[in-house]
Amino acid sequence: MKAEVLRKSILQMAIQGKLVPQNSLDEPASVLLQKLRTEKEKLIKEGKIKKEKSLPPITNCEIPFDIPDTWMWVRLGELATKFTDGTHSTPKYVLSGVPFLSVKDMSRGVLDFSNTKFISEEEHKTLYKRCNPEKGDLLITKVGTTGVPVIVDTDKQFSLFVSVALMKFSPQYLDVFFLKELISSSLVQQQAQENTRGVGNKNWVLDDIRNTIVPLPPFEEQKRIVEAIEKFEPLLAEYGKLEQQ
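Enquirer: Any chance you could break down a nonpolar patch on the surface for me, citing the residues and the numbers?
Expert: Nonpolar side chains collect at one region of the surface, where Met1, Val5 and Tyr239 lie side by side and expose about 300 Å² of accessible area between them. By the element assignment, Tyr239 lies in helix H7 (residues 219-244).

Enquirer: Describe the pairing of strand S4 (residues 98-101), listing the residues and the values that go with them.
Expert: Burial of S4 is two-sided: the residues Val98 and Phe100 facing one way and the residues Pro99 and Leu101 facing the other way are all buried. In the sheet, S4 pairs with strand S5 (residues 117-119) via 3 bridges, with the strands oriented antiparallel. Note on S5: the bridge partner recorded for Pro99 is Phe118. In this structure, S4 lies alongside strand S8 (residues 159-160), joined through 2 bridges in parallel fashion. Residue pairing in the sheet places Phe100 in a bridge with Ser159 of S8.

Enquirer: Tell me about the packing of helix H4 (residues 176-184) against helix H5 (residues 186-195), and name the residues and values.
Expert: With their axes 5 Å apart at the nearest point, H4 and H5 run at an angle of 55° to one another. Between H4 and H5, the angle falls in the class oblique. Mapping the contact onto sequence places Leu182, Ile183 and Ser184 in H4 and Ser186, Val188 and Gln189 in H5. Broken down by class, the residue content of the contact of H4 with H5 amounts to 3 nonpolar, 3 polar and no charged.

Enquirer: Explain the sheet that holds strand S6 (residues 138-141) to me, using residue names and the numbers behind them.
Expert: Ordered by their spatial adjacency, 4 strands build an open sheet running S2-S9-S6-S7, and the pairing between neighbours is antiparallel. On the outer flanks of this sheet lie strand S2 (82-85) and strand S7 (149-151), each paired with one strand and no other. Along the sheet, successive strands turn relative to each other by an average axial angle of 25°, direction set aside. Two strands pair when backbone bridges link them, and S6 and strand S9 (residues 164-168) are joined in this way by 4 bridges, in the antiparallel orientation. Following the sheet pairing, Thr141 is matched in S9 by Val164.

Enquirer: Outline the environment of Thr81, listing residues and values.
Expert: Looking at the secondary structure, you find Thr81 in the loop between strand S1 (72-75) and S2. Take Thr81: its relative accessible area is 13%, and that puts it in the buried class. C-alpha separation for the pair Thr81 and Ser9, spaced 72 residues apart in sequence, amounts to 30 Å. Apart from residues lying up to four places away in sequence, Thr81 is in contact with Lys40, Leu43, Ile49, Lys168, Phe169 and Ser170.

Enquirer: With reference to specific residues and values, describe the pairing of S2.
Expert: Taking every second residue as pointing to the same face, both faces of S2 are buried, with Lys82 and Thr84 on one and Phe83 and Asp85 on the other. Across 4 bridges, the pairing between S2 and S9 is antiparallel. Bridge assignment links Thr84 to a residue of S9, and that residue is Leu166.

Enquirer: Explain H5 to me, using residue names and the numbers behind them.
Expert: Three or more residues of H5 are buried, namely Leu187, Val188, Gln191 and Ala192. On an axial view of H5, the arc spanned by its buried residues comes to 135°, and they lie on one face. Turned more than 90 degrees away from the buried face of H5, the exposed residues are Gln193 and Glu194. Looking at the buried residues of H5, the elements they touch are helix H1 (3-15), S1, H4 and strand S10 (213-216).

What counts and how
- Residues numbered from 1 in each chain as written.
- Predicted model: local features only at pLDDT ≥ 70, side-chain atom pairs only at ≥ 80, totals over all residues.
- Heavy atoms only, no water.
- Patch = residues over 30% accessible without salt bridge, like charges linked within 9 Å, V, L, I, M, F, W, Y side chains within 5 Å.
- Areas by Shrake-Rupley, 256 points an atom, 1.4 Å probe, with all protein chains shown as cover.
- Salt bridge = Lys/Arg side-chain N within 4 Å of Asp/Glu carboxyl O.
- Helix = DSSP H or I, 4+ residues; strand = E, 2+ residues; numbered from the N terminus.
- Buried < 20%, exposed > 50% of the residue type's maximum accessible area, 1.4 Å probe, protein only.
- Pairing = 2+ DSSP bridges.
- Axes fitted to C-alpha atoms, helices over the stretch in contact; angles between N-to-C directions.
- Parallel < 35°, antiparallel > 145°, perpendicular 65-115°, else oblique.
- Contact = heavy atoms within 4.5 Å.
- Nonpolar A, V, L, I, M, F, W, Y, C, P; charged D, E, K, R; others polar.
- Arc of directions from axis to C-beta.

Interpretation in functional terms is not warranted from these geometric data alone.
Shown next as structure tokens:
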């Protein structure tokens, strides 16, 4: 078995609830989801976010495998307080200013500011009103190379092109590192591939990203899953080196 296949197998175990032991004391995902909904309603009433169109209920035929009783099947959009993408219009570039990132600047799974274009501070302020990436948010590539999750790990200000989606969420209920692993899993990657539209420069449109079906574990289990995966990483890296040799 190759290192990449082994990593996918570990992720599959993680999203099926088979990687770490279940804890009956964990607050179930049903309660967690209700808290997420309450938080979103509060933000809508305060005018901080806009109400989005309702997502369709998940049918039995859509569920790909069994999960623990304390987990829930949800659509990715249900977990977000905000789901949007970068500007759909090409901005006016300048020699120096605020970085303007597109899919090419994060296709390797990390933010890369080494070869970005720049826009003026004024244009950035306009774009930032609709799409405002901040430290701790999750970005998802949606044009060309689709389905790559990237955690915003900087306080640096930047704007986004349409090729990148922005997912905001409540960190007291969702672990960003778990979300990144979840989107990297075969379950989500397969849905990204199936729902990517067009020929050539393919597009995983925002509505289809929001409709993506994912399993939601209790918050404490999310953290345990991340810890377990992190323990495997150095072993997988070593395994990969031996594989190349």
